[in-house]
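Structural features, examined
Chain by chain, the residues:
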Amino acid sequence: MRADIVWEDDMKTILKSVALGAALVAAPFASFAQSDDDLNYVLVSHAPDSDTWWNTIKNGIALAGEQMGVSVEYRNPPTGDIADMARIIEQAAASAPDGIITTLADFDVLQGPIKNAVDQGIDVIIMNTGTPEQAREIGALMYVGQPEYDAGFAAGQRAKGEGVTKFLCVNHAIQQPTVGERCRGYADGLGIELGDAMMDSGTDPAEIKNKVMAYLSTNEDVDGILTLGPVSADPTIAALNEMGLAGEIHFGTFDLGEEIVKAIKDGTINWGIDQQPFLQAYMPVVILANWDRYGVLPGNNINSGPGFVTASGLEKVEAFAGEYR
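Residues numbered from 1 in each chain as written. Predicted model: local features only at pLDDT ≥ 70, side-chain atom pairs only at ≥ 80, totals over all residues. Heavy atoms only, no water.

1. So, the environment of Gly202
Spelled out, the test is: Numbering of helices and strands runs from the N terminus, with a helix taken as a DSSP run of H or I at least four residues long and a strand as a DSSP run of E at least two residues long. Working rule for contacts: check all heavy atoms of both residues, and any pair within 4.5 Å makes them a contact.
Structurally, Gly202 can be placed in the loop between strand E7 (198-200) and helix H8 (205-218). Gly202 sits 30 residues away from His172 along the chain, and the two C-alpha atoms are 4.9 Å apart. Residue contacts for Gly202: discarding those within four places in its chain leaves Asn171, His172, Ile208 and Lys211.

Shown next as C-alpha cells:
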C-alpha cells in the first residue's frame, strides 16, 4: 500500500451504511443485537476514558455487531493503566466469550493474559497497537492495524520533501513502545537522529501546550512538528496559535479529529495520517463472526493505514472525522 495515497473513496460504501446506523454509537460495555447462535465478543483497549479518539472504535464495533448479528462489548482501563488493562483481559477471558479483540499496548505486560486466553480456546485478534510478529508470537489469529514504524517513515520522507530539517515529535503515549515507533520512523525518514527530539508530553492538555511552547522557545531552529494523535495535536495547535507560529512551522500529525480537521483546513496542519480506526474495530468483528460460523479466515494481516489526508482531499472525510474516520 502506498503511503502517499490520500484516502478519499476507500470507505465510501461502508460510510453510507454507517450514516444509517449512526444512532448505534457504542458506549462502554454496551451490547448489540444477537442472532440465534449468540456469538459474543469483547474488545479491550488501552485507552483512558478521556481519549475521545476511541469513539470511532466504539462506532466500528456497533455497526459490525448490528450487521453481523453478534454481541460486542467495549472495555478499557478508565485511566489508561496497562496493569489494569491486563486484569480486564483476564476478566474478559474468565467470562468465556467467543473471541477477544485487544490492543497490545505493552507486550511484556499483556502477553501473559492474552496467551492464557488463547490457551483457554478463545480466539484473539490484535488490533491498533502491537505488531503482526507479536500477534503471531502470542497465538492470535491475526493483526489489524497500521505498521507504526513504516507509517512514521513515510511521514518523515514526506516532511523531508516539504523542507523539514529539524523536528519535535510530541509523544503523549511514551509508555507504549509501538507508538514511539512513529517518532523513530519519522526521524529515519528525514535522515536525522531522533536524539532528544521525542518529547514525553504526558496527556494533560495544559501541560502539553506548555511543554511544546517551552521546547520551541529554546529550539528556535525547529521547523517541523509531528504529533501522534488528537491528545497531543490539539494542545499543540493551541501552542502554535499562542506563539503566532500557526501556519509558519511544518506540522504533521497522526490520526484525525475535529480540531485536527479544522487545522488542516486552515493551514495550521499540513496533513494528518489516517490509520482508519473504524476498520480496526469493524473488521475484527466481521472476521471473528465468519470464522466462528463458517471457518473462513483471511490469509494475511490487514494494514488499515497509513494514508495522508490533506486539505485537497478533506471534503469527503471531514463530515466523519472523529466518528468514522
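2. Quick look at the state of the cysteines
Short version of the rule: The definition used for a disulfide is geometric: two cysteine sulfur atoms within 2.5 Å.
For the structure on display, the rule yields one disulfide. At a sulfur-sulfur separation of 2.0 Å, the disulfide partner of Cys169 is Cys183. With the S-S bond torsion at -65°, the cross-link from Cys169 to Cys183 turns out left-handed. Taken as a pair, Cys169 in strand E6 (residues 167-171) and Cys183 in helix H7 (residues 177-190) lie far apart in primary sequence, 14 residues in all.

3. Notes on the sheet that holds strand E3 (residues 99-102)
Test applied: Paired strands, in this sense, are two strands between which DSSP finds at least two bridges. Helix axes use the C-alpha atoms of the stretch in contact, all axes being lines fitted to C-alpha atoms, and the angles between their N-to-C directions lie in the range 0 to 180 degrees.
Taken in spatial order, the six strands of this open sheet run E2-E1-E3-E4-E5-E11, and their pairing is parallel. Every other strand in the sheet has two partners, leaving strand E2 (71-75) and strand E11 (302-303) as the edge strands with one partner each. Bridge count between E3 and strand E4 (residues 123-127): four bridges; the pairing is parallel. From the neighbouring strand, Gly99 faces E4, where its bridge partner is Asp123. Against the sheet, helix H2 (residues 55-68) engages strand E1 (40-44), E2 and E4, with an angle of about 170° to E2. The strands touched by helix H11 (residues 277-294) within the sheet are E1, E2, E3, E4, strand E5 (142-145) and E11, with E4 carrying the most contacts at an inclination of about 160°.

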